[in-house]
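Reading the structure
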Amino acid sequence: PFSNFFLKRVNLFISSYVNYVFLPESKNIYICHDIADSPMVNANLEKKIFLSLGKLHYIFLSSSTVVKYFRNKFLEFGHNINNIPELINTGYLKLDKVMEELKKIKNKKSHILLAPTYSGQMKNYNMSNNINMIIENILQAGEKIIFRPHPLDLTSKGKFKEIQKIIKKYKNNRNFFYDISHSYMDSYSRAKMLITDFSGTAYTFAYSTLRPVIFFSKNEHKFSKTKMIDLFYYQDRLSVGLVCQNIKQLLKSIIIINKKKDFNKNKIFNLRKKRIKYVNKSLDQTITQILKICKKI
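Residues numbered from 1 in each chain as written. Predicted model: local features only at pLDDT ≥ 70, side-chain atom pairs only at ≥ 80, totals over all residues. Heavy atoms only, no water.

Quick notes on the overall build of the protein
Within the protein one finds 13 helices and ten strands. Along the first, second and third principal axes, the C-alpha atoms of the protein reach 60 × 40 × 35 Å. When burial is assessed residue by residue, the protein has 49% of its 297 residues classed as buried. Taking the intrachain contacts of the protein between residues at least 6 apart in sequence as the baseline, contacts between residues at least 24 apart amount to 72%. (Helix = DSSP H or I, 4+ residues; strand = E, 2+ residues; numbered from the N terminus. Buried < 20%, exposed > 50% of the residue type's maximum accessible area, 1.4 Å probe, protein only. Contact = heavy atoms within 4.5 Å.)

What follows is the structure in structure tokens.
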């Protein structure tokens, strides 16, 4: 209702959320929150997402690999290469912020952080049905564990009731902790390693802490035959940690990491340097690109 009043005077609209409605006269920038080229949503929603993203003028992305992923997705869903938004590598703002905040926190790295992706995404491959078993076996092994559910699984869209049951079951165990806060800084600071399936937090954790990740891939053989195996997210897994397919392999992976101090630290550092061009410089790069766009308006 205000589009012909003050909203019409907005020249530049910047958002970190995918929008479906835009201001009448603005140039639109989307700052993407993905650190790697992992699937954004379920396949049946991807087309809708990229149709909406096609209405943007600029998309700021964390790395050249994510730029390539977005370009390929636009082409896959029928966009003309000359009519897609300008894809710009500006670095990863969240990574720089996490690294800055973690320097201020001095906690002992003695916990295993369990952070699965959203249970509704790639159901044939995610770890949502194995979480209870994973927690039980890690506790039996004498390890301390922090369970951080995906935010969507704390809503009616996900497995809220199942998450509540898991927390209730283990909350009196002195080695079990759960984190449902908005910030994962405290959990990151206490974790000596991370367990996930294919959440983007794998690389945010690895790059910010230089500590290893265990990827729980219950259908790895089947998964390796899909097109997704070509993504850098999956190709880079062994550079930041280990891949396991069952509980036995998971417990073995934990032992391997525990035995070797600074497991994969140098490999993680080198991969971060290779994948993220503007480490600790993303804010300057983002501002530079915004000012360039302003000059064109």
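Right, picking up where we left off after that structure.
A few points about the sheet that holds strand β4 (residues 86–89)
The strands making up a sheet associate through hydrogen bonds between their backbones, and the pairing can be parallel or antiparallel. The strand order across the open sheet formed by four strands is β1-β2-β3-β4, and the pairing between neighbours is parallel. The open sheet has two free edges, formed respectively by β1 (12–15) and β4, since each of these has just one partner strand. Taking the axes of each pair of neighbouring strands and ignoring which way they run, one obtains an average angle of 20° across the sheet. (Pairing = 2+ DSSP bridges. Axes fitted to C-alpha atoms, helices over the stretch in contact; angles between N-to-C directions.)

Quick notes on the nonpolar core
Core analysis: the biggest nonpolar cluster contains 51 residues, and Leu53, Ile59, Phe70 and Tyr203 have the highest contact counts within it. Contacts of Tyr203, omitting those with residues within four sequence positions, involve Ile35, Ala36, Phe215, Phe232, Tyr233, Asp236, Arg237, Val240 and Leu271. Counting 26 residues, the second-largest nonpolar core is a separate cluster that includes Leu139, Phe147, Met193 and Leu250. (Core = buried A, V, L, I, M, F, W, Y, C linked by side-chain atoms within 4.5 Å.)

What to know about the pairing of strand β5 (residues 111–114)
The two faces of β5 match: His111 and Leu113 on one face and Ile112 and Leu114 on the other face are all buried. Taken together, the four bridges between β5 and strand β6 (residues 144–147) define a ladder with parallel strand orientation. Note that in β6 the partner of Ile112 across the bridge is Ile145. The β-α-β motif built from β5, the intervening helix α4 (residues 131–140) and the parallel element β6 has right-handed crossover chirality. Sheet analysis places β5 next to strand β8 (residues 191–196), joined by four bridges and oriented parallel. Paired with His111 across the two strands is Ala191, which belongs to β8. (Right-handed = clockwise from strand over helix to strand, strands pointing away.)

A word on unusual backbone geometry
For Met122, which is not a glycine, the phi torsion comes out positive at approximately 50°. Residue placement: Met122 occurs in the loop between β5 and α4. Under the relative-accessibility criterion, Met122 is labelled buried at 13%. Although it is not a glycine, Asp262 sits at a positive phi angle of roughly 60°. Looking at the secondary structure, you find Asp262 in the loop between α11 (247–259) and α12 (265–275).

So, to be careful, I would describe these as geometric facts and stop short of saying anything about function.
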